[in-house]
Amino acid sequence: MFPYDWLIAAQTRISPHIRTTPLTHDSQRNLWLKWESEQITGSFKLRGALNKALLLEDWERQAGLVTASAGNHGQGLAYAARLSGAPVKVFASNQAVPRKIEAMRALGADVELVPGGYELAEASAIRHTAEHGGTFVSAYNDAGVIAGQGTVALEILTQNPAASQMTWYVPVSGGGLLAGVGLALKQANPSARLIGAQAAASAFMHSLFTRNSQEGVPDLLSLADGLTGAVEAGSLTIPLVRQVADEIVLVEEEAIERAIAFAWKHYGKTIEGSAAVALAAALNGKDESGAVVILSGGNIQPEHHAAILQKYGGVL
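Residues numbered from 1 in each chain as written. Predicted model: local features only at pLDDT ≥ 70, side-chain atom pairs only at ≥ 80, totals over all residues. Heavy atoms only, no water.

## Some points on the overall build of the protein
Part 1 of the reasoning: Helix and strand content of the protein: 13 helices and 10 strands.
Part 2 of the reasoning: For the protein, the C-alpha radius of gyration of 18 Å lies close to 20 Å, the compact-globule estimate for 316 residues.
Part 3 of the reasoning: Its C-alpha atoms give the protein principal-axis dimensions of roughly 55 × 40 × 40 Å.
Part 4 of the reasoning: When the 316 residues of the protein are sorted by exposure, 59% land in the buried category.
Part 5 of the reasoning: The long-range share in the protein, meaning contacts at least 24 apart out of those at least 6 apart in sequence, stands at 71%.
Part 6 of the reasoning: Of the accessible surface of the protein, which amounts to about 12400 Å², a share of 51% is contributed by carbon and sulfur atoms.
Part 7 of the reasoning: Side chains of the protein give 23 positive and 29 negative charges; the mean places of these two sets differ by 4 Å. (Helix = DSSP H or I, 4+ residues; strand = E, 2+ residues; numbered from the N terminus. Rg over C-alpha atoms; globule rule 2.2 N^0.38 Å. Buried < 20%, exposed > 50% of the residue type's maximum accessible area, 1.4 Å probe, protein only. Contact = heavy atoms within 4.5 Å. Areas by Shrake-Rupley, 256 points an atom, 1.4 Å probe, with all protein chains shown as cover. Lys, Arg positive; Asp, Glu negative; His and termini not counted. Charge placed at Lys NZ, Arg CZ, Asp CG, Glu CD.)

Spelled out as structure tokens, the structure:
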């Protein structure tokens, strides 16, 4: 069992260094929207990366932090490393969003691009650490990272205690956010309904959740770039997600696009595809008691965002 106290400790540890992000209410649809897109690095990933970095010994940080990232975790880890002057090396897919690659480098990360998808980048990072040393920090398969991500839920429950009675929609890939949020939510209300939302184009955690295997799952390009790629074998998140999640739903690419456009038209907010899966699932849900939606990030390529808004401008 993952101790709830670890989430409380993580909140105390990272709170001086992060933003308390807004929780807004869409009264027409009774949605409570948690804007992690307005976190310092534009994503919730800062929480887990920072908590893990602060938990490490000085020698572990100074040996160099190594990770694999679609972009947001790498930014979070690079930002965290700045606090101690630690070097950071990030392995990322050569298909990663250019804006995210530029942002990681701007924060001081040494970014190495790997041909192929996230899974190959993760394998390269693990192999590099084994061969050359350093401290590998997984984007999801780490108790410190999971505890940090769970602070999103602790914040929501402080901002609106009644949220524990609602259905929650959370993006899922490797499962760090879903696991951490679920541990906090189920502590507040064991019968609360928690739904993970994943891109249908890369449904690895969905497959693990529903059939206990990710064999044969296609890994296709998706607007939800941060949610693609296979889950590391034996990841801590696999049993944790099974423990806390009630369902994982799949979201098609058109619905992701529409949710991105919807967020801009109705809320004036820019979100990336990984956040849009949760919004799309919530808009499709029938939650009479209200719903909480975690908008996990806003780091979308500007021209892609503009094209989506132009495509759906008069449709929503």
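The discussion continues.
## A word on the packing of aromatic side chains
Part 1 of the reasoning: Enumeration over the complete set of coordinates arrives at 3 aromatic pairs.
Part 2 of the reasoning: The structure contains a cluster of three or more aromatic residues connected by ring pairs, namely Trp 35, Phe 262 and Tyr 267.
Part 3 of the reasoning: The aromatic ring of Phe 91 is capped on one face by Lys 89, whose charged end is 5.3 Å from the ring centroid. (Phe/Tyr/Trp six-rings, centres within 6.5 Å; stacked < 30°, edge-to-face > 60°. Lys NZ or Arg CZ within 6 Å of the ring centre and 35° of its normal.)

## A short note on the environment of Ile 14
Part 1 of the reasoning: Topologically, Ile 14 is positioned in helix H1 (residues 4-14).
Part 2 of the reasoning: Overall, Ile 14 belongs to the buried group, its relative accessible area being 0%.
Part 3 of the reasoning: Measuring from C-alpha to C-alpha, the distance between Ile 14 and Leu 240 comes to 22 Å, with 226 residues separating the pair along the chain.
Part 4 of the reasoning: Ignoring anything within four residues of it in the chain, the contact list for Ile 14 reads Arg 47, Leu 50, Asn 51, Leu 54, Gly 148 and Thr 151.

## Side note on the pairing of strand E8 (residues 193-199)
Part 1 of the reasoning: Among the 7 residues that make up E8, 6 are buried, leaving the element largely enclosed by the rest of the structure.
Part 2 of the reasoning: Relative to E8, strand E7 (residues 167-171) runs parallel, the two sharing 5 bridges. In the strand pairing of E8, Val 170 is matched with Gly 196.
Part 3 of the reasoning: Note on the crossover from E7 through helix H8 (residues 176-188) to E8: the handedness is right-handed.
Part 4 of the reasoning: Here E8 pairs with strand E9 (residues 247-251) via 5 bridges, running parallel. Bridge assignment links Ala 199 to a residue of E9, and that residue is Val 251. (Pairing = 2+ DSSP bridges. Right-handed = clockwise from strand over helix to strand, strands pointing away.)

## As for the layout of surface pockets
Part 1 of the reasoning: Of the pockets and cavities examined, the largest pocket occupies roughly 380 Å³.
Part 2 of the reasoning: Along its surface, the largest pocket is lined by 21 residues, and Gln 95, Leu 221, Ser 222, Asp 225 and Thr 228 are the ones closest to its centre.
Part 3 of the reasoning: Considered class by class, the residues forming the lining of the largest pocket number 9 nonpolar, 9 polar and 3 charged. (1 Å grid on protein atoms, 1.4 Å probe; cavity = no way out; pocket = protein on both sides within 12 Å on 5 of 7 lines; lining within 4 Å. Points joined across faces, edges and corners; volume = space filled by probe spheres on them. Nonpolar A, V, L, I, M, F, W, Y, C, P; charged D, E, K, R; others polar.)

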